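One letter stands for each residue in the lines below.
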Amino acid sequence: STASWSKLSEQKLDPALSADENKRLLQEAQKYNYFFARGFMSEWAPGYMVNPLQALRRLGLRAKALPIKGVDSSEKNAQVIKDYVLASDKPAMLWGHSKGGIDILEALRLYPEIRAKVAGVVLVQSPYKGTPIADFVLKHKPLRWLGTALMRSLGSEPRVIYELTEHYRQMQIGLGRYDRIFAEIPVYTVATATGKEDPNLAARALLTLNRLMGIDH
């Protein structure tokens, strides 16, 4: 939440720790550069990533939102992530929200040479196994046509939607695309969920969109 991020301005990374312990924790945190990868269509989300970026910067940490577009393909965004990691003068901590997390995993898969410079990865609400919304759009011709037209109007490729489907994502996982990454780099995931599966499609769609676009929970 916004309140949770604001607490970091008090120089307390962990309220449960003493002042000296927090000081040591902050010194450790200063050994890294922090790069944030945005989520799908986040370019149109006002205030997106502002709170976490400002909170880290108030602590004297170097945090940057990567200049990638959420509607671009993971392959295209992976090149940008790779360039920033290689140019970093410190080990990189990569933080990806929604599709941004998938873009980070693709960068680590396509460019294994950057793994040695990545100290850790945090995936927040990332559709690692895909999102049912993408499958639903592609299975229905009117929605597929609308999605294709939208992506092209945004200067992107329609395949971006397919790359977020449960079918595509689980195929990639089944092929072991990320096994080496998980073996070499600490990867942490943060997710939100309801207590039970909602059979109502509209409610399920809203939940999935919340996972894709939400940032303050």
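Look up: the structure comes first, before these words.
Residues numbered from 1 in each chain as written. Predicted model: local features only at pLDDT ≥ 70, side-chain atom pairs only at ≥ 80, totals over all residues. Heavy atoms only, no water.

**Concerning the packing of aromatic side chains**
No. 1: Tallied over the full model, the rule gives six aromatic pairs.
No. 2: Arranged with centres 6.2 Å apart and planes meeting at 65°, the rings of Phe-35 and Tyr-84 form a pair that is edge-to-face. A residue pair is termed long-range when its members are at least 10 positions apart, and Phe-35 in strand E1 (residues 33-37) and Tyr-84 in helix H4 (residues 74-87) qualify at 49 residues.
No. 3: On the basis of relative accessibility, which here comes to 8%, the residue Phe-35 falls in the buried class.
No. 4: Ring centres of Tyr-128 and Tyr-178 lie 5.9 Å apart, and the angle between their planes is 55°; this geometry places the pair in the tilted category. Of this pair, Tyr-128 sits in the loop between strand E4 (118-124) and helix H6 (132-139) while Tyr-178 sits in the loop between helix H9 (166-174) and helix H10 (179-184), and the two are 50 residues apart along the sequence. (Phe/Tyr/Trp six-rings, centres within 6.5 Å; stacked < 30°, edge-to-face > 60°. Helix = DSSP H or I, 4+ residues; strand = E, 2+ residues; numbered from the N terminus. Buried < 20%, exposed > 50% of the residue type's maximum accessible area, 1.4 Å probe, protein only.)

**Here we look at the environment of Gln-172**
No. 1: Take Gln-172: it is sitting in helix H9.
No. 2: Sequence separation of Gln-172 and Lys-129 is 43 residues, and the distance between their C-alpha atoms is 9.0 Å.
No. 3: In this structure Gln-172 touches Arg-177 and Tyr-178, once residues within four positions along its chain are discounted.
No. 4: A distance of 3.0 Å separates the side chain of Gln-172 from the side chain of Arg-177, its partner in a polar contact. (Contact = heavy atoms within 4.5 Å. Polar contact = N/O pair within 3.5 Å; in protein donor to acceptor, adjacent residues only side chain to side chain.)

**Looking at helix H2 (residues 19-29)**
No. 1: Listed in full, the buried residues belonging to H2 are Asn-22, Leu-26 and Ala-29. Down the axis, H2 shows its buried residues gathered within 55° of arc, on one side only. Among the exposed residues of H2, those pointing more than 90 degrees away from its buried face are Asp-20, Lys-23 and Arg-24.
No. 2: Summarising the contacts, the buried residues of H2 are in contact with E1. (Arc of directions from axis to C-beta.)

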